[in-house]
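Listed below are the residues making up each chain.
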Protein chains: 2
Amino acid sequence: MHWQVPTLADVLQARRRIAPHLRPTPLYGYAGLSELLGAEVLVKHENHQPVGAFKVRGGVNLISQLDADERARGVIAASTGNHGQSIAYAARLFGVPATICVPEQANPVKVASMRGLGAELIVRGRDFDDAREHCEHLARDGYRYVHSGNEPLLIAGVATETLEILEEAPATDVVIVPIGGGSGAAGACIVAKAVNPDVRVIGVQSDAAPAAFRSWQQGRLVEDRMETFAEGLATRTAFELPQHVLRLLLDDFVLVSDDDIRAAQRRLIETTRNLVEAAGAASLAAALLLREQLAGKTVVLILSGGNASREQLLDVLKRT
Amino acid sequence: MHWQVPTLADVLQARRRIAPHLRPTPLYGYAGLSELLGAEVLVKHENHQPVGAFKVRGGVNLISQLDADERARGVIAASTGNHGQSIAYAARLFGVPATICVPEQANPVKVASMRGLGAELIVRGRDFDDAREHCEHLARDGYRYVHSGNEPLLIAGVATETLEILEEAPATDVVIVPIGGGSGAAGACIVAKAVNPDVRVIGVQSDAAPAAFRSWQQGRLVEDRMETFAEGLATRTAFELPQHVLRLLLDDFVLVSDDDIRAAQRRLIETTRNLVEAAGAASLAAALLLREQLAGKTVVLILSGGNASREQLLDVLKRT
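Residues numbered from 1 in each chain as written. Chains lettered and ligands numbered in written order. Predicted model: local features only at pLDDT ≥ 70, side-chain atom pairs only at ≥ 80, totals over all residues.

A.B. asks: Report on the interface of chain B and chain A, specifying residues and quantitative values.
C.D. replies: At the junction of the two partners, chain B supplies 26 residues and chain A supplies 26 residues. For the side of chain B that touches chain A, the elements supplying multiple residues, two or more each, are α2 (31-37), α6 (108-116), α13 (258-272) and α16 (310-318) of chain B. Tallying contributions element by element places α16(B) first for the side of chain B that touches chain A, with five residues. Along the lines of polarity and charge, the residues of the side of chain B that touches chain A split into 14 nonpolar, seven polar and five charged. (Contact = placed C-beta atoms within 7 Å. Helix = DSSP H or I, 4+ residues; strand = E, 2+ residues; numbered from the N terminus. Nonpolar A, V, L, I, M, F, W, Y, C, P; charged D, E, K, R; others polar.)

A.B. asks: So what about the relation of the copies chain B and chain A? Which residues, and what values?
C.D. replies: Between chain B and chain A, which share one sequence, the superposing operator has a rotation angle of 180° and an axial displacement of 0.0 Å; the RMSD is 0.0 Å. The transformation just described matches what one would write down for a two-fold rotation axis. Across chain B, the rotation axis passes nearest the C-alpha of B:Leu275, at a separation of 2.6 Å. When you check the interface residues of chain B against chain A, 100% turn up at the interface there too, and the contact is symmetric in its surfaces. (Least-squares fit on C-alpha atoms with pLDDT ≥ 70 in both.)

A.B. asks: How would you explain the domain arrangement of chain A if you had to name every residue and give the values?
C.D. replies: All names here are of chain A. One can read the domain layout of chain A as domain 1 (8-54 + 153-318) and domain 2 (56-149). Using only C-alpha atoms to locate each centre, domain 1 and domain 2 end up separated by 22 Å. At the interface, 34 residues of domain 1 touch 25 residues of domain 2. At the level of elements, α1 (8-18), α8 (152-158), α9 (160-168) and α12 (240-249) are the ones that each hand at least two residues to the side of domain 1 that touches domain 2. Considering each element in turn, the side of domain 1 that touches domain 2 owes the most residues, six residues, to α8. (Domains from an automatic or database assignment.)

A.B. asks: I'd love a proper account of the sheet that holds strand β2 (residues 40-45) of chain B, names of residues and values included.
C.D. replies: Residue and element names in this part refer to chain B. A sheet is described by the order of its strands in space; here six strands give the open sequence β1-β2-β10-β7-β8-β9, paired in mixed fashion. The sheet is open, and its two borders are formed by β1 (27-29) and β9 (252-256), each paired with just one other strand. The average undirected angle you get between the axes of adjacent strands in this sheet is 25°. (Pairing = 2+ DSSP bridges. Axes fitted to C-alpha atoms, helices over the stretch in contact; angles between N-to-C directions.)

A.B. asks: Lay out the pairing of strand β8 (residues 200-206) of chain A in plain terms, naming residues and giving numbers.
C.D. replies: Residues and elements named next belong to chain A. Among the seven residues of β8, six are classified as buried, and the element is accordingly described as predominantly covered. As paired elements, strand β7 (residues 174-178) and β8 share five bridges and run parallel to each other. Each bridged residue has a counterpart across the sheet, and for Val177 the counterpart in β8 is Gly203. Each parallel crossover has a hand, and the one from β7 via helix α10 (residues 183-195) to β8 is right-handed. By the bridge criterion, five bridges tie β8 to strand β9 (residues 252-256) in an arrangement that is parallel. Its bridge partner being in β9, Ser206 is matched across the sheet by Val256. (Buried ≥ 20, exposed ≤ 12 C-beta atoms within 10 Å, placed from the backbone. Right-handed = clockwise from strand over helix to strand, strands pointing away.)

A.B. asks: Which residues make up the nonpolar core, and what are the values?
C.D. replies: By size, the foremost hydrophobic cluster in this structure holds 214 residues, and its most contacted members are A:Val175, A:Ile176, B:Val175 and B:Ile176. For B:Ile176, the residues in contact, after removing those within four places along its chain, are B:Ile202, B:Val204, B:Ser283, B:Ala286, B:Ala287, B:Val299, B:Leu301 and B:Ile302. (Core = buried A, V, L, I, M, F, W, Y, C linked by C-beta atoms within 7 Å.)

A.B. asks: Please set out the environment of A:Leu12 residue by residue, giving values where relevant.
C.D. replies: Residues and elements named next belong to chain A. Relative to the helices and strands, Leu12 resides in helix α1. A count of 16 C-beta atoms within 10 Å places Leu12 in the partly exposed class. For the pair Leu12 and Gly81, spaced 69 residues apart in sequence, the C-alpha separation works out to 27 Å.

A.B. asks: How would you explain the packing of helix α3 (residues 56-64) of chain A against helix α5 (residues 82-93) of chain A if you had to name every residue and give the values?
C.D. replies: Residues and elements named next belong to chain A. Packing of α3 against α5 brings their axes to within 8 Å, and their N-to-C directions diverge by 40°. Between α3 and α5, the interaxial angle falls into the category oblique. Considering only the axes of α3 and α5, their crossing is right-handed. Across the interface between the two elements, Val56, Gly58, Gly59, Val60 and Ile63 from α3 touch Ser86, Ile87, Tyr89, Ala90, Ala91 and Leu93 from α5. Residue classes in the contact of α3 with α5 are distributed as eight nonpolar, three polar and no charged. (Parallel < 35°, antiparallel > 145°, perpendicular 65-115°, else oblique. Left-handed = near helix turned anticlockwise from the far one by under 90°.)

A.B. asks: Tell me about the sheet that holds strand β4 (residues 98-102) of chain B, and name the residues and values.
C.D. replies: Residue and element names in this part refer to chain B. Ordered by their spatial adjacency, four strands build an open sheet running β5-β4-β3-β6, and the pairing between neighbours is parallel. The open sheet has two edge strands with one neighbour each: β5 (120-123) and β6 (144-145). In this fold helix α7 (residues 128-139) packs onto β3 (75-78), β4 and β6, with an angle of close to 155° to the strand it touches most, β3.

A.B. asks: How would you sum up unusual backbone geometry? Please name residues and give values.
C.D. replies: All names here are of chain A. Phi at Arg273 takes a positive value of approximately 50°, unusual for a residue other than glycine. Examined against the element boundaries, Arg273 turns out to sit in the loop between α13 (258-272) and α14 (278-289). Take Arg273: there are 28 C-beta atoms within 10 Å of it, and that puts it in the buried class.

A.B. asks: I'd like to hear about the environment of B:Val191, residue by residue, with values.
C.D. replies: Residue and element names in this part refer to chain B. By the secondary structure assignment, Val191 is in helix α10 (residues 183-195). A tally of 28 C-beta atoms within 10 Å means that Val191 is categorised as buried. The contact partners of Val191, leaving out residues within four places of it in the chain, are Leu8, Val11, Ala159, Thr162, Leu163 and Leu166.

A.B. asks: With reference to specific residues and values, describe the environment of A:Val60.
C.D. replies: Residue and element names in this part refer to chain A. Tracing the sequence through the fold places Val60 in helix α3. A tally of 29 C-beta atoms within 10 Å means that Val60 is categorised as buried. Sequence separation between Val60 and Ala19 is 41 residues; the distance between their C-alpha atoms is 9.8 Å. If we skip the residues at most four places from it in the chain, Val60 touches Ile18, His21, Leu22, Ala90, Leu93 and Gly157.

What follows is the structure in structure tokens.
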């Protein structure tokens, strides 16, 4: 398949389209994090989005561009939660019917949110890729299928977050982005390299679900195990379009352990007094791993989402 | 003392002054809360402010207006946390030295935040009023003392939150505001009654620290017990200026129990996926108490702050 790789022009269009619906999110500094890393640390609060995650930028951009036929047919998507919330939110905004396929183990707060947004839910399969395969099967019935990674309009939409970052903090040296499907990191790369190629974009994934990392490293799409507790990072396959962008533009890609993510999640919750889901804390876990090379730099951590369930929170906060 | 009661004109000026420093906060609807209350429920996310609480609007407005002499002398304030964070944040913004007196039992995440913002901290006394009395003593040494309630510029500043609400949701019927010192509720009343007198403003306090409630009810300043766990609502005295405004303009004032607040806090965290401190959940606790009279209405809950510590969170989330 030949993908149209989004450009900065597409990101500027996306920003214009989402502006009536989504406010720019804050970029805040925290002395506690700056001290911890010996760097100027800024946190991009995508958890402040209406569905508590960055994905909604892409959903609103994509759904706003559907033609009348696609709107009438309705959209379908598979998700562990944040892509589904994004599509459900945007579909409701534009009066489009939405169906979301979620795996059995999906995060209950994300599922409740999708239901509250009026989406029809289909619970199927053990993990994200099971749900996705079922969804792709159903999509043949006529829905407009919205893949969570292979969609130029989703990538251009989520890329607006990096545009906001580089406008507000032009001295940014490094942006660290959690990677699940890779759309967020692809968007960050497209903007950073167009605005200022000196800005380093670093991706991070859990070593318990490293498909995107291995695919990036090997230059081809590979499957790998999927054992992370961080559902926002939980894919066992990599996706063609984001991987294409990451291969061209991503500066570095690191793996962290699930325990590192839990510790970073606890630290971020305490320091920022924001709810942080596991995936959203991966950027701090990566920064701690790269502490030496980040010293003295201006580092932006993308807090990609805040959708932690009560059980997840208790588990993270109880550990010392 | 004769106070200058802020007017809508002062609030408009405050908005102009804070605009370069603080973004408007989101007003989000949540299906789960609307179902729970049988009303159209919107949440005003003051927890998204840079210090995680509404107070900073007032701090920035006030500090921006200090004269050269006051700036040079520096400011001093007493606080259980959010007023202190607000003054520390604003003082740093304008290069003014800040000293904050906090009680021994102050919330540790708020204390860490004030220290991170560069304020000098003085820990003194058992509760807020002890710290406040010590602070007022120190203030004689020449600092500009910033009282947490008796400051027209603080009230005009925090009132900007209600201006944002009524612009974004003009169909609002009821605004529910947690009351500690009363500056937030006073600001809400000033804006609501100027913009649309039909908007009802309802205050809420814990029945374990009802000084502001009793003072409002009796039409004079009274002291009362201070036993609430919700430090944002924890005063044992009432303040003259906010009480004056509340007596003139507040439509209703209710008391809720600390257990009601804990239950509301847990519910808000789960439904909104935002960190919510106890005081910030009092508005939902009040709405549940007033469920019958709110049915079918558009109700705005002011989520005044998100600064919960890990211990507080664990305590709230562990209960079922």
